[in-house]
Amino acid sequence: MNYVFDIDGTLTPSRLPINKDFEKFFLDWMTNKDVYFVTGSDKDKTIEQIGDKVWLKATKSYQSCGNAIYQNGTLIKQKDFELTTPLKNLLDEFLLWSEWEERYPQNIEQRIGLINFSTIGRECPQEAREKYGEWDKQTQERNTFCQIIQEKFPELEATVGGQISIDIYPKGQNKAQVLDDIIGPVTFFGDKCQPGGNDYPLVERLNKLNEENNLSATIYEVKNYEETWDILKRK
Ligand code: M1P
């Protein structure tokens, strides 16, 4: 069995370190299993959150929604995507339109094969991050921005990832692409599995493969790492 895990909201709270007891349990649980990570985040942030022992123990880690693939700590494959001027102009317009007032640096982050955008800015403190996350649930700002990006740039895809940001990449270069690389049955754990979420393309493809009897896939849509932990205790 191939076990595929999202990180933020699934193995850790968004952008926070893994719970120490869960880390211990998970390190042990991973032994002799094929474990893969698939996240919108980059390698450094992921290691900061789950630690290098867990990260290195995975069979592979798909960063930037699968646009950067790491094995044994080495980048073995990448797909590039650079920020264009028209997209940058639209993201700058979002920053002017947004009614969210508290701003911090790093609204646009270039990653391998992916642009991460946040109105509040990636350098926001935890308290402001929580507040923005709640405000976004009410206003659906991130979903609106994703829809506008896709209307204006049909060649791109934009999805909601963690708590404050959106991931933007060329159409089709979403988390579902990891299934081109992973052979055999899959058990997937993610928290953003509904349309608009960055786990959705992968879940959609797994469901399709199941329907066509081409693969046996199990999908767990979890609310937090505690739920993931509970499920893993039974596996
Ligand atoms: O996996 C999607 C995103 O998860 C986190 O998002 P946020 O900062 O919005 O909570 C981050 O790890 C982000 O980098 C990543 O793209």
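Please refer to the structure placed before this passage.
Computed from a predicted structure; not experimentally measured. (Residues numbered from 1 in each chain as written. Predicted model: local features only at pLDDT ≥ 70, side-chain atom pairs only at ≥ 80, totals over all residues. Heavy atoms only, no water.)

Draft legend 1. Region of interest: the packing of helix α3 (residues 85–97) against helix α5 (residues 141–152). Their axes nearest at 11 Å, the elements α3 and α5 cross at an angle of 150°. For the element pair α3 / α5, the angle class is roughly antiparallel. Handedness of the α3/α5 crossing: right-handed. Counting all contacts with α3, which are made through Leu87, Leu90, Leu91, Phe94 and Trp97, the residues of α5 involved are Phe145, Ile148, Ile149 and Lys152. (Axes fitted to C-alpha atoms, helices over the stretch in contact; angles between N-to-C directions. Helix = DSSP H or I, 4+ residues; strand = E, 2+ residues; numbered from the N terminus. Parallel < 35°, antiparallel > 145°, perpendicular 65-115°, else oblique. Left-handed = near helix turned anticlockwise from the far one by under 90°. Contact = heavy atoms within 4.5 Å.)

Draft legend 2. Looking closely at the sheet that holds strand β7 (residues 114–117). The sheet built from four strands is open, its strands ordered β6-β7-β9-β8 with antiparallel pairing. The open sheet has two edge strands, β6 (108–111) and β8 (156–160), and neither has a second partner. The mean inter-strand angle of the sheet, taken between neighbouring strand axes irrespective of direction, is 20°. In this fold α5 packs onto β7, β8 and β9 (166–170), with an angle of close to 175° to the strand it touches most, β8. (Pairing = 2+ DSSP bridges.)

Draft legend 3. View of the site of the ligand. The full set close to the ligand counts 17 residues, and Ser14, Arg111, Arg122, Gln163 and Ser165 are the nearest of them. A distance of 3.2 Å is found between an oxygen atom of the ligand and a backbone nitrogen or oxygen belonging to Gly40. With respect to the ligand, the side chain of Arg129 contributes an N or O atom lying 2.8 Å from an oxygen atom. Burial of the ligand by the protein chains amounts to 99% of its free accessible area of 380 Å². Split by residue class, the shell around the ligand holds one nonpolar, 10 polar and six charged. (Near = heavy atom within 4 Å. Polar contact = N/O pair within 3.5 Å; in protein donor to acceptor, adjacent residues only side chain to side chain. Areas by Shrake-Rupley, 256 points an atom, 1.4 Å probe, with all protein chains shown as cover. Nonpolar A, V, L, I, M, F, W, Y, C, P; charged D, E, K, R; others polar.)

Draft legend 4. Layout of helix α2 (residues 43–57). Along its 15 residues, α2 runs just 14 Å from first to last C-alpha, ending more than 12% under the 21 Å computed at 1.5 Å per residue. Roughly 110° is the biggest bend found in α2, and it falls at Gly51. Contact partners of the buried residues in α2: α1 (20–30), β2 (34–38), β3 (60–63), β4 (68–71) and β6. (Expected span 1.5 Å × (residues − 1). Bend = angle between axes of the 7 residues up to and from the residue.)

Draft legend 5. Representation of helix α7 (residues 225–233). Taken as a whole, α7 has its buried residues at Tyr225, Thr228, Trp229, Ile231 and Leu232. Angularly, the buried residues of α7 cover 165° about the axis, an arc narrow enough to put them on a single face. Looking at the buried positions of α7, the neighbouring elements they touch are β1 (2–5), α1, β10 (186–190) and β11 (217–221). (Buried < 20%, exposed > 50% of the residue type's maximum accessible area, 1.4 Å probe, protein only. Arc of directions from axis to C-beta.)

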